[in-house]
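A closer look at the structure
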Amino acid sequence: MRFRAKIMDLACLNHFSRIINTIAKLAKTCILRLTVCKLYFILSDKVANGGASMWCELSQGNFFDEFQMEGVAAEHNEIYLEFVPENLWRALKTAQSAKAVKIKLTNKHCPCLRVAVELPSLSSSSRTVTHDIPVGVIPRRMWNDFREPSVPDFDVSIYLPVLKTMKSVVERMKNLSNFIVIEANLSGEMNLKIETDLVSVTTHFKDLGNPPWASEDGCQSSAQGRDLESMAEACIDIKKLQQLLAGQQVNPTKALCNIVHKRIVHFILLHEEVSLQYFIPAIA
């Protein structure tokens, strides 16, 4: 089992660092799945415990100048590692003006991701700062626990408003309640609501648009045949929504949300080279 990679382009490095920062805001620990072409960051808190889950994938060719890996076996050419994303982000933060960053899986005293940051120096010799990030290697028998979550059969799918706007609304509402109701319909309308014994606040968004989803057989999801005005809603933990919005430093090219009435909210954020899915279960 081997892995090594190198980033030399500063823009790619900063972009990669931002992605890791986003993930660090969503997950204290997560799974890094490495394949020949892609990296996946996976969080699967058991939804039964009210936990959120995340699936983030990026193509290594968009970020790395060199990328070599050998998985656990020829027919299972993948590696699954558990790690703390905050540690990786801290290491990358020291690399904002680096000439190159090398990442390598090592096993000196315990398995580690070694991040070697090559810094520019005035003399001919270069300075390298090394960070060792402990990782746990996930055995093959547990890989099935980290498969891509299936997209739920949703009642409404809607494009999100500008995330900065949504973030400031949610931040204000967070001071009033621990829960927020997201509701939306197929006429491009979405409301964010909180209701407590003392106060009820609703923010309305309209003309957001609904994605033209079609499944394999060409028909819509359970949204088909649904009254365009009727709202699907889910009450979720406001902190989890805030974490998702706080982590977005770049506005995605596409951001949408699917609601399974009273069951789950599924967010999909697409950047050029990255897709992030985030599932927040509804609170009964």
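Preceding block: the structure.
Residues numbered from 1 in each chain as written. Predicted model: local features only at pLDDT ≥ 70, side-chain atom pairs only at ≥ 80, totals over all residues. Heavy atoms only, no water.

1. Here we look at a nonpolar patch on the surface
To be explicit about the condition: What makes a patch is a set of residues exposed beyond 30% relative accessible area and free of salt bridges, joined within 9 Å when like-charged and within 5 Å when nonpolar (Val, Leu, Ile, Met, Phe, Trp, Tyr). Per-residue and other accessible areas were derived by the Shrake-Rupley procedure at a 1.4 Å probe size, with only the shown protein chains allowed to occlude residues. For this document, the term salt bridge refers to a Lys or Arg side-chain nitrogen within 4 Å of an Asp or Glu carboxyl oxygen. In DSSP terms, a helix is any run of H or I states spanning at least four residues, a strand is any run of E spanning at least two, and both are numbered starting from the N terminus. The buried label goes to any residue with under 20% of its type's maximum accessible area, the exposed label to any with over 50%, and the partly exposed label to all in between, with areas taken from a 1.4 Å probe on protein chains only.
On the surface, M1, V72 and V137 cluster together into a nonpolar patch covering about 240 Å² of accessible area. Among the structural elements, V72 can be located in the loop between β5 (66–70) and β6 (79–83). Under the relative-accessibility criterion, V72 is labelled partly exposed at 42%.

2. A short note on the packing of helix α3 (residues 163–174) against helix α4 (residues 238–246)
We count it as follows: Helix axes use the C-alpha atoms of the stretch in contact, all axes being lines fitted to C-alpha atoms, and the angles between their N-to-C directions lie in the range 0 to 180 degrees. Two helices crossing with the near one rotated counterclockwise from the far one by less than a right angle form a left-handed crossing, whereas a clockwise rotation gives a right-handed crossing. The criterion used for residue contact is that any of the two residues' heavy atoms lie within 4.5 Å. Three categories are distinguished: nonpolar for Ala, Val, Leu, Ile, Met, Phe, Trp, Tyr, Cys and Pro, charged for Asp, Glu, Lys and Arg, and polar for the others, with Gly belonging to the last.
Axis separation between α3 and α4 bottoms out at 10 Å; the angle between their running directions is 145°. For the pair α3 and α4, the sense of crossing is left-handed. Within the contact between the two elements, α3 uses L163, M166, K167, V170, E171, M173 and K174 and α4 uses I238, L241, Q242, L245 and A246. In terms of residue class, the contact of α3 with α4 is built from eight nonpolar, one polar and three charged.

3. Observations regarding the sheet that holds strand β18 (residues 274–281)
What holds strands together in a sheet is hydrogen bonding between their backbones, with the strands either parallel or antiparallel. Here is the rule we go by: Between any two strands, pairing holds if DSSP finds at least two bridges.
Taken in spatial order, the nine strands make up an open sheet running β10-β6-β2-β3-β4-β18-β17-β16-β11, and their pairing is antiparallel. Looking at which strands have only one partner, the edges of the open sheet turn out to be β10 (136–137) and β11 (156–159). Note that strand β2 (residues 30–34) and strand β3 (residues 38–44) share four bridges and pair antiparallel. Bridging across to β3, L34 finds its partner in L39. Against the sheet, α4 makes contact with β17 (264–270) and β18, and its axis sits at roughly 170° relative to β18, the strand it touches most.

4. Examining the pattern of salt bridges
Evaluated as defined, the whole model comprises seven salt bridges. One salt bridge in this structure joins R33 and E78, with 2.9 Å as the shortest N-O distance. Within this pair, whereas R33 is found in strand β2, its partner E78 is found in the loop between β5 and β6, the two being separated by 45 residues in sequence. The partner of E57 in a salt bridge is K38, with the nearest N and O atoms 2.7 Å apart. Residue E57 is located in strand β4 (residues 53–59), and its partner K38 is located in strand β3; the two are separated by 19 residues in the primary sequence. Residue classification places E57 among the buried positions, given a relative accessible area of 15%.

So yeah, pure geometry; function would need other evidence.
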